[in-house]
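# Close look at the chain arrangement
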Amino acid sequence: MFRILKKRFTVLMALMIVISLVFSACSESTNNLTNTSASNEKSANEDSSKDTNEDTNKDGYKEDPEDPDIDTFVTTWNTGALETMCGNPFVSGGVPFGDFVYDSLFDYSPLPKDTFLPAIGESFEENGTELTVKLKKDVKWSDGKDFTSKDVLNTFNIAFINNSTVWTYLDKVEAPDDYTVIFRWKKAGPILKQMALTVKINAPYHIYGKWGDQAIPLIAKRDENGKLDKDSDNERLKIREDLLAFKPGIENVVGTGGWVYDSSTSSEILLNKRNDAWCSQNINFEHVKVVRFTTQEASTPAIMAGEYDGDQIGYTPDVFEQIQKARPDMKVFWVPFGGQPTMFFNTSKYPINDPLVRKAIAYVIDKDALNPILEVGMKPADTYISGLVPSFRDLWLKKDFLSKLTNYTYNASKAEELLKQAGWEKGSDGFWRDGKGQLVQLEVSSMNNWPVFFLGGDAIVNQLNQFGLKSEFKPMEYGAYNDYVKNGQHTIALNFIGDISYGHPWGAYKNIYVDNMTKIGLKDPKDTSSERPDLKIKTSSGEIIDVYSTIDQLFYTNDVNEQIKLIEKLAMATNEFVPFVPIAEKTVPYKLYHTDNKFTGYPEDPTDPVWFGGDTPSVYSKLLKYGKLDVKK
Amino acid sequence: MKSLKSFFNVIVRNKRACFGFIILVIFLLIAMIGTSIIPLPKETNYAERLQPPSLSHPLGTDYAGRDTLAQFVHGSKDVIILSFLTAIFTMVLAFIVGGISGAAGGKTDAILMFITNVILTVPSFPIMMVLSMLIKVTNPVTFALILSMWSWGGLARAIRSQILSFKRRDYIEASRILGLSLGHIVFKDMLPNMASYIAYHFIMIMKSAVTASVGLMVLGLAPFSSTHWGMMLNLAMGSTAALYGSSAIYYFLTPVIGIMLFQIGCLFFASGMDEAFNPRLRD
Amino acid sequence: MRWIKRLLLVITTVFFATTITFLLIRMMPGDPVENMAISMVHDQGIDYESAYRSAKAMLNYDPDVPILTQYTKYLSGLMKGNLGQSLIYKRDVKQIIGEALPWTLFVLSISLLLSFFIGIFLGMYIAWKRTTILDPILSAYTAIVGSIPEFVIAFLLIVFFSVKLKWFPSRGAYSSSVKPGFNMPYFLDVLNHAVLPITAYVLGGIGRWALNMKANAVSVLGEDYIVSARARGLREKRIITRYVGRNAMLPLVTNLAISFGMIFGGSPLIERLFVYPGVGYYMSQSISSRDYILMQGIFLMITVTVVLANVVAEILYSILDPRIRMEG
């Protein structure tokens, strides 16, 4: 009996294995049927590149650091789920590798100073409210059609359908001929050209024209504030719904960039080089492989094993040290992008609704001591709490102006002084009591999936407790954290605040006071109106600064010296208001591996415009399309 | 008193139970006395981050330069309290449901067993993942609640069938004929007979509570105490490159060995006890 | 009649389990719209309000709809066999599960059977040779390996076999360079990717089976009929295979059937670590992104399989154990 049983089990087990294998084969083959037929519609020269791809397949496609696959550039980032991919870039998660297949008119870098690298745009000219752009003439979409001004217009029409910010400022976009586009702004402003020129041109007219064209009458219907009435807005939403329902297969993605989609699994995407793209002659690789980043535990082994050529993952010092040891061929380019990790205050909550307490806490935090644990490449924090990260602050604010601001470097006695001023007293147990003699208890919350905020929060709480402010650390799961902060339940929390956008201080102040107004306690979380709170701050010199109107004014001020004056005002107000305490300035660690035997030709200077990517993986597509990365022969 | 003495006699005689018992007692001592001898270091010292073992730091230091041994000691308190609470909660839930179901029978039995079945069909770990966000984990009690809320089903069922089989035994029948109350039957007649059974499961629940809590912590879903071994493991795996050749390996191995020893202690003690109290196996 | 009653019980069990999970899932803090809006603000540089509106439209999910309305909508969908569309993946939940399940079943059924057979063999051996030196050694081994959480084992395997030795890949189910389908390179690639996850499960699972088997075998050894068999002078080997093995294995076979039901859920921890596209991986993804629909679908699928597995286990038990067959 037992023997029979054993026999049955063996048979069962064998069956299970076979069935499972067949299952997995079936499901994947239906899943990827589209891939094999992918190249049917593509032009002949792509088919040839497809053939070379098949050759590498036969090689087994193993990434070995001693013998790197010189044809392929392998990188990784958080692409999101790859199952959502489809040929429509407007569907969320549709084209997660958009940087490689689409181009903006120009590639922008604020560092070392405003630079616009011509991509599919050739030149531009600014004249008051008019921005005229000349397009390159040799650009072709990956389905063989010519790229013209019609495609740019259509992209902006679709952007209107999608309620994009740029239309808040745009009056209209015109195309006098096939290779000229004119942007007409309602009012001139210093950063409007960044907004227009860096939009990814991803709506070819011959595919998305039928939706873009529907936007034209709606654009004309806007009132003087740029708003649509209810009916028109519903119409807009309907067009949008229709646009999002368009889901061609991912192999049908059509762009102007140097790459086309080849195939993918749930964890990686393979792209092939195009031979008829405007930048094809610059590109020195046949393939790009994008591996989906999920967790650091999963990606660190791959980096150690030499599977990647480049990535932008930030590491804690200890992990970084080990990677450096394992990969002496790694080069890191620390690029500032204006990211500012902070601990921020819910200024509507006791006891930090008192500015004196916030200032005291700003003095208590020893930012220099935090730096070594956070992430390698973090720069020292802006101790002036000017609202701007040091890399950008120093571009706009002079040293003698900064000397007029309060410098919140670590200073325990200053902190004690301020707390006493607020009527607080230190108890016999070493912890502070408020004016009513109550023990003060602070709570610091953070997300737990990012070492910067998790380790940083832990260390901050230790510092606060050591100083005598009783504090509790509350790390939370990412979604729960967002919910907690959104509902204003937090007292002190950690996150990025004051990130630069469009390379201009306006972006930072808008981020602090507009995007994060509920988080820093200026607006009741239950208040869903778009109304801005009233925030007037009296500086130490007695000047009263209206923060919101100053931010608006800055946006439309073209004269650089006038801009600096307004930025100084905002810096003074922020320095006085202390809505947050910066704990560092984040740089993006763009890395290249295999620099000993595979790569050459890349710019060594991290402030080179191609290295600026604003924390996105677009840097690698730029390196490739501008011919800044070559294979060692 | 007499039963306690015979309990120790059995423990001493059974090598396995004895070994497990000693491990658990050591952990208990560490958690109770160790925490008062070795204070939890609050001060961070980044210059001495992730040091290998030395005289001043017998198990090295963590990512912030704090003594790993001290964290281990305080972590063992967290782990023991958490697993103990989980075991109590689970036991209580299982006894309430299983006990009532077995003793009452009829419709009550049917309804309670239906609920138990429903609980048993929904996978427990994913539910714990959901629950850990629903009930914010801020202290061992809430955490233990999450861990026990979905794990009493099997035990409740087992208790019910135990009670059913007891019901059929002669002396229970006798008590019933004598007109003794349900409470009397349960507490005076059934419980003493089930003592070894309860003890065995109590320890085994403690063991599985450690695995589940560590799993949730490694996923980052229940980050309530930085000294809990699960959190130490999470930090060591995620932010210290423990296994790639750095001296963080000691920071990583400390909680792993802690988890291992604690579980082995539970296992040996429980299974040894089971062996010892199963009279047929005692020669 | 008995089977109809059974079926009704199964259906009501599934119904109640679905209701409970539905409520629990919706009560979680945070909502998918919020998560998506925040990432859109970061990625696309648009302001929060328009991001929130866009996210709501994109996800086609409105968190402000009352929970009862959502529930009735979900149930009426279920009646039509419609599990809904995943919020994040934008695809039919049925389709996602249909693609994830084979991977989970492939890895886990192999692991389960391997650990079952190795486990019962070890367990029986230990029970049998209780007085030799082997018992403590094997016990210690199973105790130690069984006491280390599976994901720690998995992590160690990745470091040694993937990073240090570079023998096996550490993530995914196959590489993008092979073409999926009925071809040898694909099968080999799939097997190559499955080696580490399977090893992690097996190393972690053996201990449990061995200990269960040992406990059962030990208790069977104490039974009177074994004593009398020994007294009758039957050969030790015969007693072990014929009497002890079979009787000790009986409850484990039911356990095996139930475990088969359980494996449909995969392991969120291990699949996440290996980025293995199985059910557990999607489970942990859907929980962190609050993809209610997908979460709900996976819970339902697991519930149904667990219930079915229990039924199968019951039937198996009644076939294998003649006493029950006679009673029933």
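Presented here is a report on the structure given in the accompanying data block. Keep in mind that this is a model prediction, so the values were computed, not measured. (Residues numbered from 1 in each chain as written. Chains lettered and ligands numbered in written order. Predicted model: local features only at pLDDT ≥ 70, side-chain atom pairs only at ≥ 80, totals over all residues. Heavy atoms only, no water.)

### Focus on helix α11 (residues 317-326) of chain A
Those residues of α11(A) lying buried are Pro317(A), Asp318(A), Val319(A), Phe320(A), Gln322(A) and Ile323(A). Summarising the contacts, the buried residues of α11(A) are in contact with α10 (296-304), β14 (331-339) and α13 (367-374) of chain A together with α10 (229-239) of chain B. (Buried < 20%, exposed > 50% of the residue type's maximum accessible area, 1.4 Å probe, protein only. Helix = DSSP H or I, 4+ residues; strand = E, 2+ residues; numbered from the N terminus. Contact = heavy atoms within 4.5 Å.)

### Re the pairing of strand β24 (residues 586-592) of chain A
Residue and element names in this part refer to chain A. When you tally the buried positions in β24, you get seven out of seven residues, the bulk of the element. Alternating positions in β24 separate into two faces, Lys586, Val588, Tyr590 and Leu592 on one and Thr587, Pro589 and Lys591 on the other, with burial throughout. The pairing of β14 with β24 spans seven bridges and is classified as antiparallel. Within β24, the position partnered with Trp334 by the bridge is Pro589. (Pairing = 2+ DSSP bridges.)

### Overview of a positive patch on the surface
A cluster of like positive charges, contributed by Arg232(C), Arg235(C), Lys237(C), Arg238(C) and Arg242(C), occupies part of the molecular surface. By the element assignment, Arg238(C) lies in helix α10 (residues 236-262). (Patch = residues over 30% accessible without salt bridge, like charges linked within 9 Å, V, L, I, M, F, W, Y side chains within 5 Å. Areas by Shrake-Rupley, 256 points an atom, 1.4 Å probe, with all protein chains shown as cover. Salt bridge = Lys/Arg side-chain N within 4 Å of Asp/Glu carboxyl O. Lys, Arg positive; Asp, Glu negative; His and termini not counted. Charge placed at Lys NZ, Arg CZ, Asp CG, Glu CD.)

### Observations concerning the nonpolar core
Phe97(A), Phe183(A), Ile361(A) and Tyr513(A) are the most contacted members of the largest nonpolar core, which has 381 residues in total. Here the element with the most residues in this core is helix α5 (residues 93-128) of chain C; it accounts for 18 residues. With residues up to four places along the chain from it excluded, the contact list for Phe183(A) reads Leu105(A), Thr129(A), Glu130(A), Leu131(A), Val133(A), Val152(A), Phe156(A), Leu170(A), Lys172(A), Val173(A) and Ala196(A). (Core = buried A, V, L, I, M, F, W, Y, C linked by side-chain atoms within 4.5 Å.)

### Observations regarding the interface of chain B and chain A
By a widespread convention, an interface's size corresponds to the accessible area lost as its parts come together. Chain B puts 24 residues into the contact, and the matching count from chain A is 25 residues. It is Tyr46(B), Arg49(B) and Tyr244(B) in chain B that bury the most area against chain A; as a group they hold 27% of the surface buried on that side. Along the contact surface separating chain B from chain A lie one salt bridge. For the interface between chain B and chain A, the tally reads one residue pair in polar contact (both at pLDDT 80 or more). A per-element tally of the side of chain B that touches chain A places α10(B) first, with five residues. Split into classes, the residues belonging to the side of chain B that touches chain A amount to eleven nonpolar, eight polar and five charged. (Buried area = accessible area lost by both parts, 1.4 Å probe. Polar contact = N/O pair within 3.5 Å; in protein donor to acceptor, adjacent residues only side chain to side chain. Nonpolar A, V, L, I, M, F, W, Y, C, P; charged D, E, K, R; others polar.)

Function cannot be inferred from these measures alone, as they are strictly geometric.
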